[in-house]
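# Close look at the chain arrangement
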Amino acid sequence: MILSYWLRLLSLCFASFFMVHVVVGLGVRFAERRIIGLAERITARAAARLLFWVRILPAGTAVLVVAFACAPSYVRFEGRIVVERAGYVCLAMASFGALVWAGAIARGLRIAIHSVGFTCLCRRNGSMVRLAGRPSRMLVIQTSRPFLVQSGILRPYIVISQRLLSDFSNAELEAALGHERAHWLSRDNGKRLVLAFLPGILPFWRAFETLERSWSKFAERAADDIVIAEGPGPALSLATALVRLARMHGTMGPPSWLPRGASLLEGSNDLPGRVQRLLAPSRLGSPKFERLATIWLGAASLLAAGCLAVLASPLLQPSLHELLERFLH
Amino acid sequence: MTNLFNPRRTPDCHEPPLSQVLGSLEARVMDVLWGRGESSVRDVFEMIDRPLAYTTVMTTLERLFKKGVLDRHKIGRAFVYSPVLNRKEWERRRAEGLVAAFLDGPEPSRDLLVSSLLDAIGQQDSALLDELEKKIRRRRKELSERGQS
């Protein structure tokens, strides 16, 4: 197919992105179980951080390779020929690359719009309560459904149902709010947004659900740890609040607004694990494994940076361009 | 016809959100009825601040009755209508309906940027919850004993 200079550049960028992303993504998929296993042995906060960066690794590496190696070599060495033929293999790869990005952006936008809509809805229908001495703003929704969520990224709201507000004791409420405050401090909703915008390996195969679910689990545990750090009393109150909330959900039937079928997914139902950690806070991960995780992540980042530096080096650029030319045609 | 508020007429608990049920005229009629209380068609017709035909008001009241929003009984030859719920209860149901409809929609909350206190909870086994509560009680006892000693 005959393409213009800029369309060829675009095709090359998407095709290169797709190939690098597939290779690194499959590598991450292959190592997923081991990484999650390692995450179980370190503190929840470090585990959440590790899994978040591992999830970013495929797309991050692919974007950097395109931005600092493929695109510059094309711009530098490709003559400004108006039109040139592009091969079908390259075009197919580019289409896949464009599709995974289109899917990711559509998903991210849908989630962002949905979330803004939800926050607006809660603001319109809830009554605002300012908590003394706390930066958090709380919206109380007049409903018998038991829920407590934190919505929003930059200026989040805590949305709580009237039922929970009246049923929880002061200590339980304080512990639950401490948990949500910890989410806010670690910007977990912002990280959710980043994850929403990350592409999957193939257009219809996201491939990283287990990793994302594990991140979510460790983010919850990390928020619990902030409450645990306040002492055994608040930890106990949070454990009580969790079990009471689970009991309320049980009596009302499964909350239809929570992820459908989530309880059937392996590892998603972490209630016993969380309660156990709140009751026995001594088992909070080993520094040895935390160092190991840092070394792993550092090594992976160094490897990615090294590959990138080699690809982007002026010595290798002509060879890289030749390779890309062959691929393009 | 889905009946929203009257449990005698509505065994189905999967109610549609109120915003999908009431139009602007219906909402205005409800305003009049909440302000005045029990009213006949003529009362509502005279109170409403829009140029409407008497039969339009009558049809609207009839429709609201069929939806379960209004109750009615006969006084003489005319029906007298009254709201099934007061305004406060209505607002409560409205908020609940709207939030629930949002969260029950085609996009589950996994697709919301929210952190939930109890993430990804399913129907919990009550024996498991009993067991967890027992552990919590034991731990509380331990803590209180340690505090006393």
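Residues numbered from 1 in each chain as written. Chains lettered and ligands numbered in written order. Predicted model: local features only at pLDDT ≥ 70, side-chain atom pairs only at ≥ 80, totals over all residues.

## A short note on the overall build of chain B
Summing up its helical and strand segments, chain B has five helices and four strands in all. In sequence order, chain B lays out its α and β elements as α-β-α-α-β-β-α-β-α. Buried positions account for 27% of the 149 residues belonging to chain B. Across chain B, the fraction of contacts at a sequence separation of at least 24, relative to all contacts at a separation of at least 6, is 50%. (Helix = DSSP H or I, 4+ residues; strand = E, 2+ residues; numbered from the N terminus. Buried ≥ 20, exposed ≤ 12 C-beta atoms within 10 Å, placed from the backbone. Contact = placed C-beta atoms within 7 Å.)

## Describing the confidence of the model for chain A
Residues and elements named next belong to chain A. Per-residue confidence for chain A gives a mean pLDDT of 81; residues scoring 70 or more make up 88%. By mean pLDDT, the top-scoring element of chain A is helix α6 (residues 188-197) (90), and the lowest-scoring one is strand β2 (residues 83-85) (72). Scored below 50 in pLDDT, residues 253-268 makes 34 contacts in the model with residues more than four places away or belonging to other chains. (pLDDT = per-residue confidence, 0-100.)

## Let's talk about the environment of A:M128
Residue and element names in this part refer to chain A. Relative to the elements of secondary structure, M128 occurs in strand β3 (residues 127-130). Owing to 10 C-beta atoms within 10 Å, M128 belongs among the exposed residues under this scheme. For the pair M128 and I141, spaced 13 residues apart in the sequence, the C-alpha separation amounts to 9.2 Å. In this structure M128 touches R137 and L139, once residues within four positions along its chain are discounted.

## Quick notes on the nonpolar core
All names here are of chain A. A39, A47, A48, L51 and F218 are the most contacted members of the largest nonpolar core, which has 45 residues in total. Broken down by secondary-structure element, the contributors of at least two residues to this core are α1 (5-40), α2 (44-77), α3 (88-125), α7 (209-229) and α11 (317-328). Here this core gets 15 residues from one element, more than from any other, and that element is α2. With sequence-adjacent residues up to four places away left out, A48 is seen in contact with W215, F218, A219 and A222. In terms of nonpolar packing, the next biggest core, distinct from the first, is built from 33 residues, I160, A175, V227 and L236 among them. (Core = buried A, V, L, I, M, F, W, Y, C linked by C-beta atoms within 7 Å.)

## Topic: the sheet that holds strand β3 (residues 78-83) of chain B
Residue and element names in this part refer to chain B. Strand order in the open sheet formed by three strands is β1-β3-β2, and the pairing between neighbours is antiparallel. The open sheet has two edge strands, β1 (39-40) and β2 (70-75), and neither has a second partner. Pairing geometry for β1 and β3, over two bridges, is antiparallel. Across the sheet, residue S40 finds its bridge partner in β3, namely V80. Contacting β2 and β3, helix α3 (residues 54-67) runs over the sheet at an angle of about 120° to β2. (Pairing = 2+ DSSP bridges. Axes fitted to C-alpha atoms, helices over the stretch in contact; angles between N-to-C directions.)

## Digging into the packing of helix α5 (residues 170-185) of chain A against α7(A)
Residue and element names in this part refer to chain A. Remark: α5 packs on α7, axes separated minimally by 8 Å, with the N-to-C direction vectors making an angle of 125°. Between α5 and α7, the angle is such that the two are oblique. In this structure, the crossing between α5 and α7 has a hand that is right-handed. Every residue of α7 that contacts α5 at A175, G178, H179, A182 and H183 is listed here: A223, D224, I226 and V227. (Parallel < 35°, antiparallel > 145°, perpendicular 65-115°, else oblique. Left-handed = near helix turned anticlockwise from the far one by under 90°.)

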